[in-house]
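Observations on chain architecture
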Amino acid sequence: MAMTDPNIGEKRPVIRQLDEGAVNRIAAGEVVERPASAVKELVENAIDAGARRITVEYADGGKTLIRVQDDGCGLTADDLPLALSRHATSKIDGSDLLNIHTFGFRGEALPSLAAVGRLTITSRTGADDGAEITVAGGNAAPVRPAASQPGTTVTLRDLFYATPARLKFLRTDRAEAQAIGDVVRRLAMAEPFISFVLRDVSGDGAPREIFRADAGQGGLFDALHGRLARVLGREFAENALRIDAEREGLHLTGFAALPTYSRGSAVAQYLFVNGRPVRDKLLVGALRGAYSDFLSRDRHPAAALFIDCDPTLVDVNVHPAKSEVRFRDPGLARGLIVSALRHALAEAGHRASTTVAGATLGAMKPEPVGARVYQMDRPYGGSQTTAFPVQTPHFEEASAPWGRVEETPEPVATDGADLQDFPLGTARGQVHENYIIAQTATGMVLVDQHAAHERLVYEKLKNQMAENGVASQALLIPEVIDMSGDDCSRLMACAEDLAALGLVLEPFGGDAIAVRETPAILGTVNARALVMDILDELADQNSSDAVKTRIDAILSRVACHGSIRSGRRMRAEEMNALLREMEATPHSGQCNHGRPTYVELKLSDIERLFGRT
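Residues numbered from 1 in each chain as written. Predicted model: local features only at pLDDT ≥ 70, side-chain atom pairs only at ≥ 80, totals over all residues. Heavy atoms only, no water.

Turning our eyes to something else, we now look at the overall build of the protein. For the protein, the helix and strand inventory stands at 19 helices and 24 strands. Burial analysis of the protein (613 residues in total) assigns 45% to the buried set. At a minimum sequence separation of 6, the contacts of the protein that also span at least 24 residues come to 69%. Surface accessibility of the protein: about 32000 Å² in total, with carbon and sulfur atoms responsible for 52%. (Helix = DSSP H or I, 4+ residues; strand = E, 2+ residues; numbered from the N terminus. Buried < 20%, exposed > 50% of the residue type's maximum accessible area, 1.4 Å probe, protein only. Contact = heavy atoms within 4.5 Å. Areas by Shrake-Rupley, 256 points an atom, 1.4 Å probe, with all protein chains shown as cover.)

Our focus in this paragraph is a negative patch on the surface. A cluster of acidic residues, D78, D79, D128 and D129, forms a negative patch on the protein surface. Mapped onto the elements of the fold, D78 is located in the loop between β2 (65–70) and α3 (79–83). (Patch = residues over 30% accessible without salt bridge, like charges linked within 9 Å, V, L, I, M, F, W, Y side chains within 5 Å. Salt bridge = Lys/Arg side-chain N within 4 Å of Asp/Glu carboxyl O. Lys, Arg positive; Asp, Glu negative; His and termini not counted. Charge placed at Lys NZ, Arg CZ, Asp CG, Glu CD.)

Right, let's talk about the pattern of salt bridges for a bit. A side chain of one charge can pair with a side chain of the opposite charge if their charged atoms are brought near each other. As enumerated under the stated definition, the model contains 27 salt bridges in all. Of the charged contacts in the structure, one is a salt bridge between R118 and D158, with a shortest N-O distance of 2.9 Å. Linking R118 in strand β3 (residues 118–124) with D158 in the loop between β7 (151–157) and α5 (164–167), this pair joins segments that are 40 residues apart in sequence. A relative accessible area of 36% means that R118 is categorised as partly exposed. K460 is the partner of E581 in a salt bridge, and the nearest nitrogen-oxygen pair spans 2.9 Å.

In spatial order, the strands read β21-β23-β22; together these three strands make up an open sheet with antiparallel pairing. The outermost strands of the open sheet, each flanked by one partner alone, are β21 (472–482) and β22 (504–507). Sheet twist, expressed as the average angle between the axes of neighbouring strands with direction ignored, equals 20°. Examined bridge by bridge, β21 and strand β23 (residues 512–519) share seven bridges and lie antiparallel to one another. (Pairing = 2+ DSSP bridges. Axes fitted to C-alpha atoms, helices over the stretch in contact; angles between N-to-C directions.)

With respect to burial, strand β1 (residues 53–59) is a largely interior element, six of its seven residues being buried. Sheet topology note: the β1/strand β8 (residues 195–200) ladder contains six bridges and is parallel. Looking across to β8, one finds that I54 is bridged to F196. Where β1 lies against β2, six bridges are found, and the strand directions are antiparallel.

Right, let's get into the sheet that holds strand β11 (residues 250–257). Ordered in space as β10-β11-β14-β12-β13, the five strands form an open sheet in which the pairing is mixed. The sheet terminates laterally at β10 (240–247) and β13 (276–278), the two strands that pair on one side only. Going across the sheet, the axis of each strand differs from the next one's by a mean of 20°, ignoring polarity. Sheet topology note: the strand β12 (residues 269–273)/strand β14 (residues 303–308) ladder contains five bridges and is parallel. Residue pairing across strands places F272 opposite F306, the latter belonging to β14.

The next subject is unusual backbone geometry. Located in the positive-phi region is D158, a residue other than glycine, with phi close to 50°. The phi torsion at E433 lies on the positive side, around 50°, for a residue other than glycine. Structurally, E433 is set in the loop between β18 (426–431) and β19 (435–439). On the basis of relative accessible area, E433 is assigned to the partly exposed category, the value being 22%.

Considering the arrangement of structural elements, one finds D70 in strand β2. Of the polar contacts made by the side chain of D70, one reaches the backbone nitrogen of G72; its length is 2.7 Å. Setting aside its immediate chain neighbours within four residues, D70 contacts A46, A51, R53, I54, P150, G151 and T152. (Polar contact = N/O pair within 3.5 Å; in protein donor to acceptor, adjacent residues only side chain to side chain.)

Among the nonpolar cores identified, the biggest contains 62 residues, and V43, I54 and F196 are the most heavily contacted of them. Setting aside its immediate chain neighbours within four residues, I54 contacts V43, A46, I47, V68, Q69, D70, I194, S195, F196 and V197. (Core = buried A, V, L, I, M, F, W, Y, C linked by side-chain atoms within 4.5 Å.)

A few words now on the packing of helix α2 (residues 35–48) against helix α6 (residues 173–190). At a minimum axis distance of 8 Å, the contact between α2 and α6 shows a crossing angle of 25°. On the basis of the axis angle, α2 is roughly parallel to α6. In this structure, α2 meets α6 at a crossing whose hand is right-handed. Only E176, A179, I180, V183, V184 and L187 of α6 make contact with α2, whose side of the interface consists of P35, A36, V39, K40, V43 and E44. For the contact of α2 with α6, the residue count by class is nine nonpolar, no polar and three charged. (Parallel < 35°, antiparallel > 145°, perpendicular 65-115°, else oblique. Left-handed = near helix turned anticlockwise from the far one by under 90°. Nonpolar A, V, L, I, M, F, W, Y, C, P; charged D, E, K, R; others polar.)

Applying the stated criterion across every chain yields a total of three aromatic pairs. With a centroid separation of 6.2 Å and 65° between ring planes, the pair formed by F236 and Y261 is classed as edge-to-face. Here Y261 lies in the loop between β11 and β12 and F236 lies in helix α8 (residues 234–238), a separation of 25 residues in the sequence. According to the relative accessible area criterion, Y261 is buried, its value standing at 11%. A centroid spacing of 4.5 Å and a plane angle of 10° characterise the contact between F272 and F306, whose relative ring orientation is stacked. A residue pair is termed long-range when its members are at least 10 positions apart, and F272 in strand β12 and F306 in strand β14 qualify at 34 residues. Assigned by exposure class, F272 and F306 land together as buried. (Phe/Tyr/Trp six-rings, centres within 6.5 Å; stacked < 30°, edge-to-face > 60°.)

Okay, the environment of H343 next. Tracing the backbone shows H343 in helix α10 (residues 330–347). The exposure class assigned to H343 is partly exposed, which follows from its relative accessible area of 48%. Along the chain, H343 and P586 lie 243 residues apart, while their C-alpha atoms are 9.9 Å from each other.

Turning to the pairing of β8, a few remarks are in order. With five of six residues buried, β8 lies mostly within the body of the structure. In this structure, β8 lies alongside strand β9 (residues 208–213), joined through five bridges in antiparallel fashion. For D200, the partnering residue across the bridge sits in β9 and is R208.

Bringing the environment of A109 into the picture now. Among the structural elements, A109 can be located in helix α4 (residues 109–116). Owing to a relative accessible area of 11%, A109 belongs among the buried residues under this scheme. Separated by 22 residues in the primary sequence, A109 and H87 have C-alpha atoms spaced 9.2 Å apart.

Bringing α6 into the picture now. Taking 1.5 Å per residue, 18 residues should reach 26 Å; α6 reaches 26 Å between its end C-alpha atoms and fits that length. For α6, the tally of buried residues reaches 13 of 18 residues, placing the bulk of the element in the interior. (Expected span 1.5 Å × (residues − 1).)

For M582, the position within the fold is in helix α18 (residues 572–584). Overall, M582 belongs to the buried group, its relative accessible area being 0%.

Here it is, written out as structure tokens:
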């Protein structure tokens, strides 16, 4: 708390020029927060040097040792002392701080690391002999010759030994090691044509390889898909949609997972701008907004998205660690992400995540009770259709309450093809008066009839509203809301967009607005609360989906009440009609809350479940 006495003291404070060591330690506090920060800076330097293979080794969570080795262009003996000087860099000439094409550009990383640890740089260019320089606590030793492969090896020991107070704020070795792994994996995703190796060399034992990703082959999307499968797992790669869109100088690429492959937190969201990993709330909000119609609030999408643009369209120099960026046109970036993802999800049609089937098969596996005594022979095709009637003569007449099979002619498609050849197959029965069993050419499908029809009705309602517009209702007495001048200006700037959704606002003199009309579908609405929610979103994301979200919630509830209810018995033709409509409707693979509407089980998986393989 400030003192009430304005006089600081008898002696006036004197302005001093800090020595270079203190300046470097202060800079290190901004750039190097933890061992993972040091790894990030060194690996980015290796990428900027044109390396095709990068090896990272650490000990004790990076506290006692960090070593980054690359096969890049290397440094000459004359360059080594200059590389350790503050604001000395080969990446920019200082004339244009917006036209940046590299990860690093400030020239702060190496001198900052040398100020707080024991740093050794060994490097060699293709034509020259190797050289080495060592710096401890900011004090550099003379450059000396050293044996080295082409490229650079940077070894950092005893991080923060010169500032021991920082060591007390580091987490456990395991937590710091996990942070290092996360940094390396993010950079590996950004550079699929570079090989990465991460090793833990703690203790006296043999080095333990934590992560390896070999350089990708083929085109960009093939290499990126393979790299994401290596980093995020095979399941993500199998359930990810390819994203490729461009708008007004911004190019968006990457992969986004199906809504049914969602996570309980935002841990599987990776965003990159010009190859740089970023954690930007604008981009995260856009990703969340793109999935808002498919996921409940407690579920989060998984995606790896890359925005590439002219460097002058984005400012990367707004954060000490360069983890945030600022677009010249934030609305353009957000709109590109939302529209591209929604278009890809619509093209996916009825597709649902393969992990749903895996979870189903896992739940169906019996508990092991010992070695299998015998193996049944696989029956020939004809026996599958005759065995049950022969063994149980009254099986077809049974009408157990938990399921039934309709006696109907074999359904045939209008073009003469067997309905079994359709993606969701042909209906074979209904169990518990809620689940449809369908047979496909390669297995079977189990459909939740209520969830599936709810999604179909919801999509129809949205299409009807898009075609006919949102009807509004005029308020008998307009609601006048007082607010700050900035909030009023921000709100009126998007008044036209809100009017298209049925919310009509007008200036009411001074710093107030009047709500004239509200969306009719919302019924009686608290206009003030709705406007304040819109303002909060505008302040946080520069855009608002509050009105549309509420309208979609109403449509979702209407769809729920207007869909086929659980417990209704359906005829075979009704079940097949539902399956065909699911195949033709976008987003029908998940209900309005992101849960799957159907599970597909392959015949090979079913046979493996019963030990027939």
